[in-house]
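Residues per chain, in single letters:
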Amino acid sequence: MTTNTATTQDGASDFDARVDGQRLMKAWYAGLDDANARGAHVANVFVMGNAVEILRAFDFELVFPEINSLQTGVRKASEEYIRLSEDYGMSPDVCSYVKADVGLILKEQKHPAGQIPKADIAIASNMCSTFIKWAEIWERMLGTPAFVLDLPGQRSAGFEVRQGDAQHAADSRWVEAQFRDLIEKCEKLTGKRLDLDKLAEILDRVNKMVAHWNAVMELNRACPAPFNAMLDGLTYIGIMNVYRGTDEGVEYMKNLEASLRARVARGEGRVENERFRLLFSGTPCYVSMRRLVELFESWGGVFVYSDYLTFAAGGMDAGELVYDTSRPLESLAEITTLAAQRGLSNQFFAHERLAKQIREYAVDGIVFHGIKSCRFVSSGMADTRDYLGSRLDAPSLYIESDLIDPRYWSDAQIKNRVDAFFETLERRVGGAPMENQPAAQRRRSLL
Amino acid sequence: MPQVDESGLNAIFERCNMLRQAPVPPELPEGFTQPFGHFPVYFPEELAHAVGLLPTAVLGGGNQLELKHADAHMGSFVCSICRSTAELGLNGSLKSLAGFVTHPICDAAKHLAGIWSRNFPEQPAQILYLPQNVNSSGAVRYIASEYQRLRHQLENMAGREATDDDLKRSIRIYNENRRLLRELYALRRDEPWKVSCSESYLLLRARTRMACEQHSEMLREALAALRAREMPAQDKPRVIFLGGFCEQPPLEMLETIDDTCYVVDDDLLIGLRWLTEDVPETGDPVWALAESFVERSAASPVQHDARKPKEGYLMDMLRDSRADAALLTAAKFCEPGLDEQVAWSKHLDQENIHALVLEFEEKSTSFEQMAMQLETFAESLLFSIA
C-alpha cells in the first residue's frame, strides 16, 4: 500500500494528500479558535447547499458543524459529547452529529480541535431535513439566527432539468430571490456591501476546484484505483468543503489531481493487488472507518466510488456545473439549483445514480452502510439494494453502525458479514488481481 | 338539515371509524374518477378536487396492519408511518391511487417517492417541494409555479382540465369545510365535555376518505348534535395535545387521554387545517392558494417559519385554548418530533407549565402504562390548579 505522495510535472513534488490535508484542516481550526476574539464574522454552514460563495465574499469565517461532529468521532471523543446531550434530554433515536454538537454547546464550544466560535448566522438548507432542526437548536441555545435556504430538489424518478428550461428558470428564480435576502442580511451583519467582482473570483476558484475534483473522481475509474473513496476520499472532501472557493483549495485539488494522475500512469493502486472494485453507499462510520476499510482491503477490495463523495461535497460532480463568472449571482443560483437536483436530493432516487456509477466504475459489489443517525441516506437504502439486486443483479452487503456513536460499532459481527460477502464475491466473479486493466476493458464487470 | 340525536351521532362516529381503518376511500363519490394519495403534512387538496381526483391522505396502517413486506424495504430505525405506508403500497392496498405525493417534511418521507418509483413505476410519485423558507420574498411566486406544475400533472392524470372556475369552486367547498372545522375546535375549546378529543379526531379524519363537500355535510349534522348534547362538565384538567402532525396516535391512545383530560386543542392531522382562514375566492385561484400557504397557515415541527418560533405557537395554543398543561408526544423514530419534544419540555419547565412527555407508535396496542401516567399527571394537575 502506498500513500498519495507524488512527484508531479508542475513542481508539486512534496505534495502528500493526507499530510497536506491534515495541515489545512489544522489551519482551519486554528483560524476558528480565535475568530470571536478577532471580531471576525462567523457563519455555521452545512456541506449540502450552503451559499459558501456569498459568505466568503463577506469574509465570514466558516464553521462546519458536521465536520466538528465527525472530528469528535475521528478523535475518539464523540461518546462523551453524545452522552452529554442524551443526559440533557436528546433521544437515542436522533442524529448523532446533532447530539455531538449539542454536547459541544453544553461544553461551551470546547472541541478536541480547539474552541469553536459562536456564529452570527447559520445557513441551513432543506437538502437534509435535520439541518433545519439543527439550526433551530442553535437559535434556542445560542441565539444564532437561522437562514433556511430552500432548494427545490429532484421531484420524481427520471426528473431531468436542463439549464435554461422553464423548470430550471422557475427554480433558479426562487433560489436567487433567497440569495438576495441572504445578501441583505450579510450586509446588515457585516456593514459591507456585496462586492460582485469578489464573488466572481470566488466562483472562478470553485470552478477550478470542481474541475480538479471531477478529474480526481474520474481517475478512480482506472484499474487499479489510485485511492480509496472511503478513506483517502474523506480527506479530499474535507478540503473540498472547508476550502471551497479559496486559493488553498484550488492548489490542493490541483496537486491532488496531479499526484493521482501520476499514480495511475505508474499503475499504482491504493491496494497492491486490487481484486474487487466496490461502491460504498451511505455515510462513513468515522469512529471506525480505518478499521472498516481494513476489513475490505485485507481481501483486496477497494472502494472506488461512494455517493458520499458526491452529496457530502456539495453535489458538484454531476456534470455541466460551471459558474458563469460574468453574471455571478444569477449563475450561482442556477448552478446551486442544478447541484441540489443532480447531486444532493437525487439521494431520494438513489438507484438512478448508483446504477450509473456501477457501470462507470466497473463495480463488482456494493456496500450499503445504513445508520439510524442519517435518514437522508438510510431510509430508502434497503429498497434501493433490493432494486439493484433484482434489476442489475448487483451483489451487495448491508451493514449497520453509526456516523460517530461508537456504541453501534460491533467489530466481530461486521467482520463476519464482510468475510461472508467476499466469499460470495469470490465464488461469483473470481478473485484474480486486475493486472492494471482499465475498468472499461474488464471482462468481468457486472453489466 | 335533518336533526341528529345521540344515536345518530353514534352512527356518524361508527362510520368515521370505519373510514379511519380503510386504506383508501371505500367508494368514489359522484364526480370523482380516482383517489389521489398524499402524505402528511399539508397538500393543496383543491388542485386534485378540481379535476375530479379524490384527495386521499395516506396515513400509514395503524395498529391492525401486519408488516410482511416493508421490513425488506425500509430499515428498522424508520418511523412506523413510513414503513406501514410502504407496506400498504407493497401489499396492493393503494393500487387504486392515480398518483402519490410526498413532502419535504423529513428525509424518511422524501424517500417514499423513491420507493414508489422503484416498486410502482406505473403510479406516478413525486415530492412536492413546499418551501421551508416562507419568509423570503419569492416564496409565493415559487409555490404558485409549483402548484401550476402540479395542476397540469393532475389534469393529465384525470384526463380533464381544471379551469380557474373549477378551482374557485373547489376553494369555496374547502373554505366551507375549514369554517366547520374551526367551529368544531371552538366547541372543544369552549365546552370540551360535549365533544371528546377522540370523537373530534374521528370527525376530522373522515375527510381523508370522502369528498370534502360530503364531509362538510356530515360535520354540519354532527356539530348540531354535539351542541345539543346535555352533558355535565367533569373535573378534568384542560390540556393540549402535540405530536400528531404526521404519524397518527392510535385511537385507543386518544380515548385513554379522554378518560382523564379535556383536550382543548391539538395538532392532530394539522395538515387538514393548515390554512387557518378562508382562501380568497376571487382573483387567480392558484396564487390565492400559494399566498394562503405563506400568510395564513398553521405551524408544525416540520415547517420552518421565522415568524412562528416553535415555543411561540406552543404558548399561543396554551393561551388561546385556556389550557392548564400540555401533552408533548412524539412518534417513535420521528426525528423532528423528538427534537421538538426536548425543546418544548425545556421551555415549559422554564415557564413553570406542567407537561407530560409521551412517545407513541401508530402500531401500539397496549395503553395501561400510559393510562397510569395520565391519571397521575391529571391528579397532580388538578391538585396544583385547585
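As shown above, the structure is provided for reference.
Residues numbered from 1 in each chain as written. Chains lettered and ligands numbered in written order. Predicted model: local features only at pLDDT ≥ 70, side-chain atom pairs only at ≥ 80, totals over all residues. Heavy atoms only, no water.

## Some remarks on the sheet that holds strand β3 (residues 42–44) of chain A
Residue and element names in this part refer to chain A. So the rule is basically this: By this definition, two strands are paired if DSSP reports at least two bridges between them. Working definition: helices are DSSP H or I runs of at least four residues, strands are E runs of at least two. Numbering for both runs from the N terminus. Between N-to-C directions, angles span 0 to 180 degrees; the directions come from axes that are lines fitted to C-alpha atoms, helices contributing only their stretch in contact. Note on contacts: a residue pair is in contact if any heavy atoms of the two residues lie within 4.5 Å.
Strand order in the open sheet formed by four strands is β4-β3-β7-β8, with parallel pairing between adjacent strands. One side of each edge strand has no neighbouring strand; the edge strands of this open sheet are β4 (61–63) and β8 (146–149). For this sheet, the mean angle separating the axes of adjacent strands, direction not counted, is 25°. Bridge count for β3 against strand β7 (residues 121–125) is two bridges, and the pairing is parallel. Its bridge partner being in β7, Ala43 is matched across the sheet by Ile121. Across the sheet, helix α7 (residues 129–142) lies against β3, β7 and β8, angled at about 160° from β7, the strand it touches most.

## Observations concerning the environment of Ser384 of chain B
Residues and elements named next belong to chain B. Stated precisely, the cut-off is as follows: Any N or O atom pair separated by 3.5 Å or less is treated as a polar contact, with the protein-specific requirement of one donor-capable and one acceptor-capable atom, and with residues adjacent in sequence counted only for side-chain atom pairs.
Checked against the element boundaries, Ser384 lands in helix α13 (residues 368–385). Sequence-wise, Ser384 and Gly37 are 347 residues apart; in three dimensions their C-alpha atoms are separated by 46 Å. Looking at Ser384, its side chain comes within polar contact range of the side chain of His354, at 3.4 Å.

## With respect to the pairing of strand β6 (residues 262–266) of chain B
Residue and element names in this part refer to chain B. This is how it is decided: The rule is simple: take the accessible area with a 1.4 Å probe, protein chains only, and divide by the maximum for that residue type; under 20% is buried, over 50% is exposed, in between is partly exposed. Crossovers are marked right-handed if the path from the first strand over the helix to the second runs clockwise, as seen with the strands pointing away from the viewer.
Where burial is concerned, most of β6 is hidden: five out of the five residues are buried. Two elements, strand β5 (residues 238–242) and β6, share four bridges in a ladder whose sense is parallel. The residue bridging Arg238 from the neighbouring strand is Tyr262, located in β6. Each parallel crossover has a hand, and for β5 linked through helix α9 (residues 251–260) to β6 it is right-handed.

## Topic: unusual backbone geometry
Cis rather than trans, the peptide bond between Cys223 of chain A and Pro224 of chain A has omega equal to 5°. When you line up the elements, Pro224 of chain A lands in the loop between α9 (196–219) and α10 (232–242). Its identity is not glycine, yet Gln109 of chain A carries a phi of approximately 70°, on the positive side. Checked against the element boundaries, Gln109 of chain A lands in the loop between α6 (96–106) and β5 (110–111). Gln109 of chain A gets classed as buried once you look at its relative accessible area, which sits at 6%. Even without being glycine, Leu269 of chain B reaches a positive phi, approximately 45°. Take Leu269 of chain B: its relative accessible area is 5%, and that puts it in the buried class.

## Topic: the interface of chain B and chain A
This is how it is decided: Buried area is understood as the total, over both parts, of accessible area removed when two parts are fitted together, assessed with a 1.4 Å probe. When a carboxyl oxygen of Asp or Glu is within 4 Å of a side-chain nitrogen of Lys or Arg, the pair counts as a salt bridge. Under the grouping applied here, Gly and all other residues not named as nonpolar or charged are polar, the nonpolar ones being Ala, Val, Leu, Ile, Met, Phe, Trp, Tyr, Cys and Pro and the charged ones Asp, Glu, Lys and Arg.
Listed as interface residues are 50 residues of chain B and, on the opposing side, 58 residues of chain A. Of the roughly 4,400 Å² buried at the junction of chain B and chain A (both faces included), carbon and sulfur atoms supply 53%. Considering only the side of chain B, the residues that lose the most area to chain A are Phe77, Arg118 and Glu335 of chain B, jointly responsible for 19% of the buried surface there. Linking chain B with chain A are eight salt bridges. Here Arg375 of chain A ties to Glu335 of chain B by a salt bridge, and the two come within 3.4 Å at their closest N and O atoms. For the side of chain B that touches chain A, the elements supplying multiple residues, two or more each, are α4 (107–119), β4 (125–127), α5 (139–158), α11 (310–320) and α12 (335–350) of chain B. Here the side of chain B that touches chain A gets ten residues from one element, more than from any other, and that element is α4 of chain B. For the side of chain B that touches chain A, the class distribution of residues is 23 nonpolar, 14 polar and 13 charged.

## Some details on the state of the cysteines
Residues and elements named next belong to chain B. Our working rule: Criterion for a disulfide: a pair of cysteine sulfur atoms within 2.5 Å.
The full count for this structure, using the stated rule, is zero disulfides over all chains. For the unlinked cysteine Cys16, the closest cysteine sulfur is that of Cys212, found at 14 Å. A relative accessible area of 1% means that Cys16 is categorised as buried.

## Some points on helix α8 (residues 166–190) of chain A
Put simply, the rule is: One less than the number of residues in a helix, times 1.5 Å, gives the span that helix is expected to have.
The end-to-end C-alpha distance of α8 of chain A is 36 Å, a good match for the 36 Å that 25 residues give at a rise of 1.5 Å each. Backbone geometry just after α8 of chain A places Gly191 of chain A at a positive phi near 75°.

## A short note on the packing of aromatic side chains
Geometrically, a pair of aromatic rings is defined through the distance of the ring centres and the angle of the planes. Residues and elements named next belong to chain B. Keep this limit in mind: Only rings of Phe, Tyr and Trp enter the pairing, Trp through its six-membered ring, and a pair is recorded when the two centres are within 6.5 Å. The plane angle decides the type: under 30 degrees is stacked, over 60 is edge-to-face, the rest tilted.
Inspection of the entire model under this criterion finds 26 aromatic pairs over all chains. Their ring planes at 75° and their centres at 4.9 Å tell us that Trp116 and Phe120 sit as a pair that is edge-to-face. By the burial criterion, Trp116 is buried, and Phe120 matches it. Plain terms: the ring middles of Trp274 and Phe293 are 6.4 Å apart, the flat faces sit at 35° to each other, and that makes the pair tilted. Taken as a pair, Trp274 in the loop between β6 and α10 (285–295) and Phe293 in helix α10 lie far apart in primary sequence, 19 residues in all. A residue is classified by how much of its surface remains accessible, and Phe293, at 2% relative accessible area, is buried.

Functional significance is not addressed by these values, which are geometric in nature.
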